[in-house]
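Take a look at the letters that make up each chain.
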Amino acid sequence: MATAALLFSPWPRFCGASAALLPPALAGPRRNYSQDGSVSQYLHRSLVPTMHYQKSLPRLPIPKLEDTIRRYLNAQKPLLDDAQFRKTEQLAVNFRDGIGRELHEQLVAQDKQNKHTSYISGPWFDMYLRARESVVLNFNPFMAFNPDPKAEYNDQLVRATNMTVSALRFLKTLRAGFLEPEVFHLNPSKSDTQAFKRFIRFVPSSLSWFGAYMVNAYPLDMSQYFRLFNSTRLPKLNKDELFTDESKRHLLVLRNGNFYVFDVLDRDGNIVAPSEIQAHLKYIISDSSPVPAFPLACLTSENRDTWARLRQELLENGNKEALTKVDSAIFCLCLDDFPIKDLNHLSHTMLHGDGVNRWYDKSFNLILAKDGTAAVHFEHSWGDGVAVLRFQNEVFKDSTQSPVIAPLSQPAAVDSAAAVQKLSFKLNDALKEGITKAKQNFDATMKTLTLEAIQFEKGGKEFLKKQKLSPDAITQLAFQVAFLRQYGQTVATYESCSTAAFKHGRTETIRPASVHTKKCSEALVRNLPKHSAAELQQMIAECSKFHNQLTKEAAMGQGFDRHLYGLRHLAESKGIPLPDFYQDRAYAQINHNILSTSTLSSPAVNMGGFAPVVPDGFGVGYGVHDNWIGCNVSAYPARNVQEFLQCVYKSLEDIFNVLEGKLGSK
């Protein structure tokens with residue numbers, strides 16, 4: 001179980017709006033057929049080259065140490081009593097004026113020597129790749145696609161073929177530099193126009209960011225995108241490695257724990273005819289091979305050192321060629337043999353499954369259930385939600401609006417038995433025992449995880465914006481009220497925020513638990529009759545205003561979590577004894593994130609989810625829609641998910657009633 005609070009950032013936020021607002025993925029016409037009628041190799045051809053802005057992106061700022069300590073103490077205030085706070089405050093001031101100052105100056109000097117990247121990029125890769133816990137539940141999240149609006153296109157074979165071709169078009173568009181750059185438009189009528197694109201393409205890359213900035217557009221970092229394809233996390237003792245081989249042309253397909261590979265790009269790098277891809281997938285789906293007695297994929301769910309030793313054993317036992325095929329595959333397509341029953345079944349299937357039919361180390365697994373329900377399950381070390389969400393938006397749009405095969409399309413008459421290679425692995429007794437243990441550990445852990453979803457349908461974004469309130473702030477307030485109602489306390493809370501507006505930015509933490517949310521929560525839970533509706537409305541407005549400020553600060557690289565982590569990482573790397581500040585119980589407590597939260601909204605995505613980051617925590621995925629709010633929550637036995645969701649529902653109800661003037665003393 002991952003106990004570090006910094007471990008989770010599946011869904012990005014940017015400048016207080018969901019980073020799912022990605023105009024290139026969701027807007028504009030496209031042609032997917034060439035003039036000769038053949039299938040287009042590309043999603044679109046952007047006027048502006050994909051990486052045009054990358055060179056001139058601003059650098060992630062290192063906050064002033066005084067600001068970091070002030071923000072840290074503000075976040076500690078609602079979590080500590082007066083005596084604890086005084087002790088923590090003293091340690092923080094001593095750190096700021098002593099060893100912390102020295103470390104900060106060293107970090108700034110080091111950053112000046114490394115202008116090609118950000119101060120957090122190296123430590124962040126290090127944190128993920130050194131973690132020894134299983135990637136399943138502790139790190140990998142999922143995001144499920146909405147169904148194809150045309151019901152008959154949700155057939156597993158049809159959708160798998162269409163999505164595979166759309167994914168390959170994304171790959172080709174990205175590598176050719178034709179993919180629209182990722183830009184956050186604050187004034188799309190000025191910046192998201194053909195006229196602006198025709199102008200900016202001629203501005204040199206070293207200045208292009210400034211051109212976009214002048215029209216209130218913020219290009220985002222795209223340095224992670226290349227790791228989407230042909231990439232895998234390789235287990236190594238002490239620290240894993242990321243592997244990418246862009247020369248390979250094959251797809252990996254898993255079905256019933258069996259491994260299949262076939263080429264989806266030809267020798268010239270063009271996408272193989274969709275009817276051939278369809279034929280090969282049909283051949284795999286019709287293979288009646290049972291689940292192997294020793295399903296190899298379970299090993300990717302193991303402790304990383306255990307898996308590293310077993311992988312070495314696999315290599316020494318004559319499996320190098322087969323493993324290289326797995327690692328270098330363009331991506332992993334998982335075809336499940338059962339339909340999805342309900343939202344909870346969807347979450348369990350896409351977040352972890354049965355351990356047999358996923359390769360959890362792959363940069364992403366594209367999963368399709370028997371009924372065509374689809375999701376992306378992704379490994380987290382290589383990148384954050386921005387790249388994955390853009391990929392999903394593009395694949396959903398392309399596969400639903402420009403499908404390459406229809407329900408009645410006939411597969412090509414090709415020899416799939418010759419084209420599709422079924423991989424076999426040589427297993428000795430040690431490997432068989434390792435796989436058996438991995439499966440037992442996996443099954444035992446999954447039994448302890450509960451996932452539940454609710455939809456609050458009494459209001460959403462539209463109503464809250466009319467009240468001049470931040471929809472995200474109000475939803476986060478509801479989580480604070482709910483936890484206080486259920487457990488009687490305010491606890492460390494984490495909300496991830498993308499810093500992709502900066503070169504090699506990753507994420508920053510928003511700390512939603514504040515003195516404002518604590519005061520408001522206590523009023524709603526414990527002192528409701530004492531407050532008028534106007535007083536309660538004022539408290540809610542203060543929560544919203546403060547949360548907005550925190551969100552803007554985080555998106556601009558002005559949180560405190562990454563800075564403090566960078567200083568700690570620097571001390572450890574230089575062999576400096578851990579400063580007292582980091583040994584404070586309150587520091588450990590604020591980084592033991594009992595409420596780990598993340599949000600997204602996108603026309604392509606139905607829901608997402610992830611596990612708690614601590615054994616006694618909740619993993620809260622949520623989305624605020626125009627007229628409803630959805631929550632997908634996970635927990636281990638230490639917490640009661642159903643009761644928490646009831647409390648969230650009640651809290652949202654109370655907040656909306658207060659805003660409508662229906663609650664509070666008269």
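About the criteria used
- Residues numbered from 1 in each chain as written.
- Predicted model: local features only at pLDDT ≥ 70, side-chain atom pairs only at ≥ 80, totals over all residues.
- Heavy atoms only, no water.
- Helix = DSSP H or I, 4+ residues; strand = E, 2+ residues; numbered from the N terminus.
- Buried < 20%, exposed > 50% of the residue type's maximum accessible area, 1.4 Å probe, protein only.
- Contact = heavy atoms within 4.5 Å.
- Areas by Shrake-Rupley, 256 points an atom, 1.4 Å probe, with all protein chains shown as cover.
- Lys, Arg positive; Asp, Glu negative; His and termini not counted.
- Charge placed at Lys NZ, Arg CZ, Asp CG, Glu CD.
- Polar contact = N/O pair within 3.5 Å; in protein donor to acceptor, adjacent residues only side chain to side chain.
- Phe/Tyr/Trp six-rings, centres within 6.5 Å; stacked < 30°, edge-to-face > 60°.
- Lys NZ or Arg CZ within 6 Å of the ring centre and 35° of its normal.
- UniProt positions renumbered as here; feature names shortened; annotations may be inferred.
- Pairing = 2+ DSSP bridges.
- Axes fitted to C-alpha atoms, helices over the stretch in contact; angles between N-to-C directions.
- Parallel < 35°, antiparallel > 145°, perpendicular 65-115°, else oblique.
- Left-handed = near helix turned anticlockwise from the far one by under 90°.
- Nonpolar A, V, L, I, M, F, W, Y, C, P; charged D, E, K, R; others polar.

Focus: the overall build of the chain
Then step 1. Looking only at helices and strands, one finds 24 helices and 20 strands in the chain.
Then step 2. Referenced to the eigenvectors of the C-alpha coordinate spread, the extents of the chain come out at roughly 75 × 60 × 55 Å.
Then step 3. Here the chain, with 666 residues, has 60% of them falling under the buried criterion.
Then step 4. When contacts within the chain are restricted to residue pairs at least 6 apart in sequence, those whose partners lie at least 24 apart make up 79%.
Then step 5. For the chain, the exposed area adds up to about 25200 Å²; of that, 52% sits on carbon and sulfur atoms.
Then step 6. The chain carries 76 positive and 68 negative side-chain charges, and their two centres are separated by 4 Å.

A look at the side chain of Ser 651
Then step 1. Its location among the elements puts Ser 651 in helix 24 (residues 641-659).
Then step 2. Non-local contacts of Ser 651, meaning those with residues more than four positions away in its chain, are made with Ala 478, Val 481, Ala 482 and Arg 485.

As for unusual backbone geometry
Then step 1. The residue Asn 216 is not glycine, and still its phi comes out positive at about 65°.
Then step 2. By secondary structure assignment, the location of Asn 216 is in the loop between helix 9 (208-214) and strand 5 (217-219).
Then step 3. Here the phi dihedral of Asn 230 falls at roughly 55°; this positive angle occurs in a residue that is not glycine.
Then step 4. We classify Asn 230 as buried; its relative accessible area is 0%.

Side note on the environment of Tyr 487
Then step 1. Topologically, Tyr 487 is positioned in helix 18 (residues 471-487).
Then step 2. Distance from Tyr 487 to Arg 639, taken between C-alpha atoms, is 9.7 Å for residues 152 residues apart in sequence.
Then step 3. Filtering out sequence-adjacent residues up to four positions away, Tyr 487 remains in contact with Phe 618, Ala 638, Arg 639 and Asn 640.
Then step 4. Reaching out from Tyr 487, the side chain makes a polar contact with the side chain of Gln 486 at a distance of 3.1 Å.

Here we look at the side chain of Ser 208
Then step 1. In this structure, Ser 208 sits in helix 9.
Then step 2. Here the side chain of Ser 208 touches Ser 56 through a polar contact of 3.2 Å, side chain to side chain.

Some thoughts on the packing of aromatic side chains
Then step 1. The full count for this structure, using the stated rule, is 34 aromatic pairs.
Then step 2. Consider the rings of Tyr 128 and Phe 139, whose centres lie 5.8 Å apart with planes at 65°: the pair is edge-to-face. Of the two residues, Tyr 128 sits in helix 5 (residues 121-130) while Phe 139 sits in the loop between helix 5 and strand 3 (142-145), which places them 11 residues apart along the sequence. Judged on exposure class, the residue Tyr 128 and its partner Phe 139 are both buried.
Then step 3. Taking the centre distance of 5.6 Å and the plane angle of 80° together, the rings of Phe 259 and Trp 359 count as edge-to-face. On the criterion of sequence distance, the pair formed by Phe 259 in strand 9 (residues 258-263) and Trp 359 in the loop between helix 13 (343-351) and strand 11 (364-368) is long-range, its members being 100 residues apart.
Then step 4. Using a relative accessible area of 2% as the deciding quantity, one classes Phe 259 as buried.
Then step 5. If you follow Lys 150 out to its NZ or CZ, it ends over the ring of Tyr 153, 4.7 Å from the centre.

Section: the UniProt feature "active site" (unreviewed entry) in the chain
Then step 1. On the UniProt side, "active site" (unreviewed entry) is annotated at positions that read His 380 here.
Then step 2. For His 380, a relative accessible area of 0% corresponds to the buried category.

Here's the deal with the sheet that holds strand 13 (residues 421-423)
Then step 1. What the eight strands build is an open sheet, ordered 13-9-8-10-11-12-3-18; its pairing is mixed. Of all strands in the sheet, those with a lone pairing partner are strand 13 and strand 18 (605-609), marking the two edges. Across this sheet, the average inter-strand angle for adjacent strands is 25°, counted without regard to direction.
Then step 2. Sitting on the sheet, helix 6 (residues 156-175) touches strand 3, strand 8 (250-255), strand 10 (332-335), strand 11 and strand 12 (374-378), and the angle it makes with strand 11 is about 150°.
Then step 3. Across the sheet, helix 10 (residues 274-285) touches strand 8, strand 9 and strand 10, and the angle it forms with strand 9 is around 165°.

Quick notes on the sheet that holds strand 19 (residues 618-624)
Adjacent strands of a sheet form backbone hydrogen bonds with each other and so pair up, either parallel or antiparallel.
Then step 1. Read across the sheet, six strands follow the order 14-20-19-17-15-16 without closing on themselves; strand pairing throughout is mixed. Two strands lie at the open edges of the sheet, namely strand 14 (450-456) and strand 16 (507-510), each paired on one side alone. Looking at each pair of strands side by side, their axes are set apart by 25° on average, direction ignored.
Then step 2. For strand 14 and strand 20 (residues 629-635), the ladder comprises seven bridges, and the chain directions are antiparallel. Bridge assignment links Thr 450 to a residue of strand 20, and that residue is Ala 635.
Then step 3. The sheet contacts of helix 18 involve strand 15 (493-498), strand 17 (595-599), strand 19 and strand 20, and relative to strand 19 the element is tilted by about 145°.

Notes on the packing of helix 2 (residues 65-76) against helix 21 (residues 561-573)
Then step 1. Relative to each other, helix 2 and helix 21 sit at 115°, their axes nearing to 9 Å. With respect to helix 21, the element helix 2 is oriented roughly perpendicular. In this structure, the crossing between helix 2 and helix 21 has a hand that is left-handed. Contacts between helix 2 and helix 21 involve Leu 65, Thr 68 and Tyr 72 on the former and, on the latter, His 563, Leu 564 and Leu 567.
Then step 2. Split by residue class, the contact of helix 2 with helix 21 holds four nonpolar, two polar and no charged.

Describing the pairing of strand 15
Then step 1. Extensive coverage of strand 15 is indicated by the burial of six of its six residues.
Then step 2. Of the two faces of strand 15, both are covered, the one formed by Thr 493, Glu 495 and Cys 497 as well as the one formed by Tyr 494, Ser 496 and Ser 498.
Then step 3. In this sheet, strand 16 lies alongside strand 15 in antiparallel orientation, the contact comprising four bridges. By the bridge assignment for strand 16, Ser 496 is matched with Thr 509.

Describing the packing of helix 11 (residues 304-316) against helix 16 (residues 429-447)
Then step 1. Closest axis-to-axis distance for the helix 11/helix 16 pair is 10 Å, and the angle between their directions is 145°. By crossing handedness, the relation of helix 11 to helix 16 is classed as left-handed. Residues Leu 310, Glu 313 and Leu 314 of helix 11 lie in contact with helix 16, whose contacting residues are Ala 430, Leu 431 and Gly 434.
Then step 2. Of the residues contributing to the contact of helix 11 with helix 16, the split by class is four nonpolar, one polar and one charged.

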